[in-house]
Amino acid sequence: MSEIDLLSSVLTKTGDVIDGVAPDQLSGPTPCPDYDVGTLVDHLVGWVKAFEAGANGRAYEGDPSAFHAGDDPASQFRAAADGLVAGWRDNGFDRMVTVTGGGELPGEMVFNMTVMEYLTHGWDLAVATGQPVPYGEDEAAAVLGRAEGTLPPQYRGDGMPFGEIVPVSDAAPAIDRLAGFMGRDPSAPPGR
């Protein structure tokens, strides 16, 4: 699977998960302890706009962490996701990319961060809202490999962006191994 196909598939499926969130679920817990469902949706939409800007050689104006999606987050997400895919397809990977709050980083690193973000948080949102997790084994395995090569240990633990690795059997599906690598317990209910 090419990078563009992987990104497009992950973003399409994440957009579908966002579209499947019911209004009465917005205050529910997620496997990501920093977010309830509504805050996670806002995070997904705000950051896809920031990643889209970077992939297209622009700086995002504003704070994606303070973004509020409003009444139709799936449409906002899909529009920005289309621009994000086009930015990588048209501009390639061998370049420096502006990341909000992080300066410029190598394109491959930013791309890996993007697929990690959207598959992991898409999983969080699907689990939190009782939707089927839509990502395939090949997608999850590809993102797990990128995560293992991108996420250094110093970004884990208290006060860090990522939790400690949760041990998951090597025989488990790739989506469960990715969840564990990203600090989630795939066997725990949301919010625990």
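Our subject is the structure listed above.
Bear in mind that the values here come from a model prediction, so they are computed numbers and not experimental data. (Residues numbered from 1 in each chain as written. Predicted model: local features only at pLDDT ≥ 70, side-chain atom pairs only at ≥ 80, totals over all residues. Heavy atoms only, no water.)

(A) Fine view of the overall build of the chain. On a plain count of helices and strands, the chain comes out with six helices and two strands. Listing each helix as α and each strand as β along the chain from the N terminus yields α-α-α-β-β-α-α-α. Relative to a compact globule of 192 residues, whose C-alpha radius of gyration would be 16 Å, the chain shows 15 Å and is just as compact. Along the longest, intermediate and shortest principal axes, the C-alpha atoms of the chain span 40 × 40 × 35 Å. With 192 residues in all, the chain has 47% of them scored as buried. Looking at the chain alone, contacts between residues at least 24 apart form 66% of all its contacts between residues at least 6 apart. (Helix = DSSP H or I, 4+ residues; strand = E, 2+ residues; numbered from the N terminus. Rg over C-alpha atoms; globule rule 2.2 N^0.38 Å. Buried < 20%, exposed > 50% of the residue type's maximum accessible area, 1.4 Å probe, protein only. Contact = heavy atoms within 4.5 Å.)

(B) Summary view of the side chain of Arg156. Relative to the assigned elements, Arg156 resides in the loop between helix 5 (137–150) and helix 6 (174–181). No salt bridge is formed by the buried Arg156, whose closest oppositely charged neighbour, Glu164, lies at an N-O distance of 5.6 Å. Of the polar contacts made by the side chain of Arg156, one reaches the backbone oxygen of Phe181; its length is 2.6 Å. With residues near it in sequence (within four places) discarded, Arg156 still touches Leu151, Phe162, Gly163, Glu164, Ile165, Phe181, Met182 and Gly183. (Lys, Arg positive; Asp, Glu negative; His and termini not counted. Salt bridge = Lys/Arg side-chain N within 4 Å of Asp/Glu carboxyl O. Polar contact = N/O pair within 3.5 Å; in protein donor to acceptor, adjacent residues only side chain to side chain.)

(C) Region of the structure containing helix 1 (residues 3–19). Look at helix 1: 24 Å from first C-alpha to last across 17 residues, which is about the 24 Å you get at 1.5 Å a residue. Taken as a whole, helix 1 has its buried residues at Ile4, Leu6, Leu7, Ser9, Val10, Leu11, Thr14, Gly15, Val17 and Ile18. On the buried face of helix 1, the contacting elements are helix 2 (37–55), helix 3 (73–91), helix 4 (107–129) and helix 5. (Expected span 1.5 Å × (residues − 1).)

(D) Structural detail: the environment of Gln76. Counting through the fold element by element, Gln76 comes out in helix 3. Setting aside residues up to four positions removed in sequence, Gln76 forms contacts with Val45, Lys49, Phe67, Ala69 and Gly70.

(E) View of the pattern of salt bridges. Applying the stated criterion across every chain, the model contains eight salt bridges. Arg78 is paired through a salt bridge with Asp16; the nearest N and O atoms lie 2.8 Å apart. Taken together, the residues Arg78 in helix 3 and Asp16 in helix 1 connect sequence positions 62 residues apart. Here Arg184 makes a salt bridge to Asp124, at a shortest N to O gap of 2.6 Å. Of the two residues, Arg184 sits in the segment after helix 6 while Asp124 sits in helix 4, which places them 60 residues apart along the sequence.

(F) Looking closely at the nonpolar core. The biggest cluster of nonpolar side chains holds 52 residues, and the ones touching the most others in it are Leu11, Phe77, Trp88, Tyr118 and Leu125. Among the secondary structure elements, those contributing two or more residues to this core are helix 1, helix 2, helix 3, strand 1 (96–99), helix 4, helix 5 and helix 6. The element contributing the most residues to this core is helix 2, with eleven residues. Contact partners of Tyr118, with chain neighbours within four places excluded, come to Val10, Leu11, Thr14, Leu44, Trp47, Val48, Phe51, Phe77 and Tyr135. (Core = buried A, V, L, I, M, F, W, Y, C linked by side-chain atoms within 4.5 Å.)

(G) Expanded view of the packing of aromatic side chains. One pass over the full model with this rule turns up six aromatic pairs. Ring centres 5.1 Å apart and planes at 10° place the aromatic pair Trp88 and Phe93 in the stacked group. Here the aromatic rings of Phe93 and Phe111 are separated by 5.1 Å at their centres, their planes lie at 85°, and the arrangement is edge-to-face. Taken as a pair, Phe93 in the loop between helix 3 and strand 1 and Phe111 in helix 4 lie far apart in primary sequence, 18 residues in all. Taken together, the ring pairs connect Trp47, Phe51, Phe77 and Tyr118 into an aromatic cluster. The ring of Trp88 has Arg95 sitting right over it, with the charged end atom 4.8 Å from the ring centre. Here the basic side chain of Arg156 rests over the ring of Phe181, its NZ or CZ set 4.5 Å away from the ring centre. (Phe/Tyr/Trp six-rings, centres within 6.5 Å; stacked < 30°, edge-to-face > 60°. Lys NZ or Arg CZ within 6 Å of the ring centre and 35° of its normal.)

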